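# Commentary on secondary and tertiary structure
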Amino acid sequence: MSGGGPPAIELQNLTKIYPTRDQPVQALADVSFAVAEGEFVTVVGASGCGKTTILKIIAGLVQGSSGSVCVRGKPIAGPLSDVGMVFQHPVLLKWRSVLGNVMLPIEMLRLGIEEHRGRALDLLELAGLSEFKGRYPYELSGGMQQRVAICRALVHDPSLLLMDEPFGALDLMTREEMNLELLRIWTQRRKTSLLVTHSISEAVFLADRVVVMTPRPGMVADIVEVKLPRPRVPETKLDPRFTELVQLIGRKIGVLYV
């Protein structure tokens, strides 16, 4: 958590309007929240509420229409190199090995290859993928491919980790395994993390706080603190407090239970 300095990420009255042929579409309206250093925050809401747009603006890939977004007190002026991004689909290059895919950001950012190769191997070991470093994406399961994508996002040692529905395409059992895997890696690395998801139970299980979004235009309906002990384990979901938080957030979004 922050020691008194600026938040790692701070959104103030962020609004985003996309121009279209017919009429402008407002994705976000006056969104304000902050993420402290080392904190794990999730954003949950219905499809189309602007969750992905928030991540793109923070990463500097899209500009907001009004309001401000700052990373450690500095306004975002363009794409950030100090960010690791994980998407719903792994987007691995099929002609590159697991290690080659993990090393891709190092090549793109023109960082030292040999210097970062050891870090890439360490990350693969952390993710239980050391023996697969020479394999190709088609030889891996969906969960393994997503673990490769997480290693790729962390290899250049970014201070921020942004994740857009990273496990949405996986089956339920694999998704739950990946939640545990992500938390294990986060516990060791303590990267400031922001993850968006449709799943309320996933949002609660992973987060220190959950940002609850309204339907489009996305606004912050509430920010719910998750006071469940860490490390989180599968049995955490049997805790009555977990169920209460899921139901509370579900009511705020307008669903009974997700």
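Rules of the game
Residues numbered from 1 in each chain as written. Predicted model: local features only at pLDDT ≥ 70, side-chain atom pairs only at ≥ 80, totals over all residues. Heavy atoms only, no water. 1 Å grid on protein atoms, 1.4 Å probe; cavity = no way out; pocket = protein on both sides within 12 Å on 5 of 7 lines; lining within 4 Å. Points joined across faces, edges and corners; volume = space filled by probe spheres on them. Helix = DSSP H or I, 4+ residues; strand = E, 2+ residues; numbered from the N terminus. Nonpolar A, V, L, I, M, F, W, Y, C, P; charged D, E, K, R; others polar. Salt bridge = Lys/Arg side-chain N within 4 Å of Asp/Glu carboxyl O. Buried < 20%, exposed > 50% of the residue type's maximum accessible area, 1.4 Å probe, protein only. Pairing = 2+ DSSP bridges. Contact = heavy atoms within 4.5 Å. Axes fitted to C-alpha atoms, helices over the stretch in contact; angles between N-to-C directions.

### Re empty space enclosed by the protein
Counted according to the given criterion, the structure contains 1 cavity of 30 Å³ or more. There is about 30 Å³ of room inside the largest cavity. Leu154, Leu161, Leu182, Ile185, Trp186, Arg189, Lys191 and Ser193 are the residues that line the largest cavity. If one sorts the elements of the lining of the largest cavity by residue count, helix α6 (residues 172–189) sits on top with 4 residues. In terms of residue class, the lining of the largest cavity is built from 5 nonpolar, 1 polar and 2 charged.

### Description of the pattern of salt bridges
Scanning the entire structure with this criterion turns up 12 salt bridges. Between Arg184 and Glu181 there is a salt bridge, with its nearest N and O atoms 2.6 Å apart. Remark: Glu181 and Arg184 occur in helix α6; sequence separation between them is 3 residues, near one turn of the helix. Overall, Arg184 belongs to the partly exposed group, its relative accessible area being 33%. Taking the shortest distance from any N to any O, the salt bridge between Asp208 and Arg230 comes out at 3.1 Å. Placement of the pair is Asp208 in the loop between α7 (200–206) and β9 (209–213) and Arg230 in the loop between β10 (220–225) and α8 (240–253), with a sequence separation of 22 residues. On the accessibility criterion, Asp208 (18% relative accessible area) is buried. In this structure, a network of salt bridges that share partners links the residues Arg119, Asp157 and Lys191.

### A closer look at helix α1 (residues 51–58)
Counting buried residues in α1 gives 6 out of 8 residues, a clear majority hidden from the surface. Listing the buried residues of α1 in full gives Lys51, Thr53, Ile54, Leu55, Ile57 and Ile58. Gly60 occupies a position one or two residues after α1 and carries a positive phi of about 80°.

### Here we look at the sheet that holds strand β4 (residues 66–71)
An order of β2-β1-β4-β5 is seen for the 4 strands of this open sheet, with the pairing classed as antiparallel. Two strands bound the open sheet, and with one partner strand each, they are β2 (25–35) and β5 (74–75). α1 rests against β1 (9–18), β2 and β4 of the sheet, and its axis sits at about 115° to β1.

### A look at the layout of surface pockets
By volume, the largest pocket is sized at about 520 Å³. Val83, Met85, Phe87, Pro105 and Met108 are, among the 18 residues lining the largest pocket, the residues nearest its centre. Sorting the residues of the lining of the largest pocket by element identifies β6 (83–86), α3 (104–108) and α5 (142–154) as the ones contributing at least two each. Its residues placed into classes, the lining of the largest pocket shows 14 nonpolar, 3 polar and 1 charged. Within this model, the second largest pocket holds a volume of roughly 210 Å³. Around the second largest pocket sit 15 residues that line it, and Ile57, Val62, Gln63, Gly64 and Ile76 are the ones nearest its centre. If one sorts the elements of the lining of the second largest pocket by residue count, β4 sits on top with 4 residues. Split into classes, the residues belonging to the lining of the second largest pocket amount to 8 nonpolar, 7 polar and no charged.

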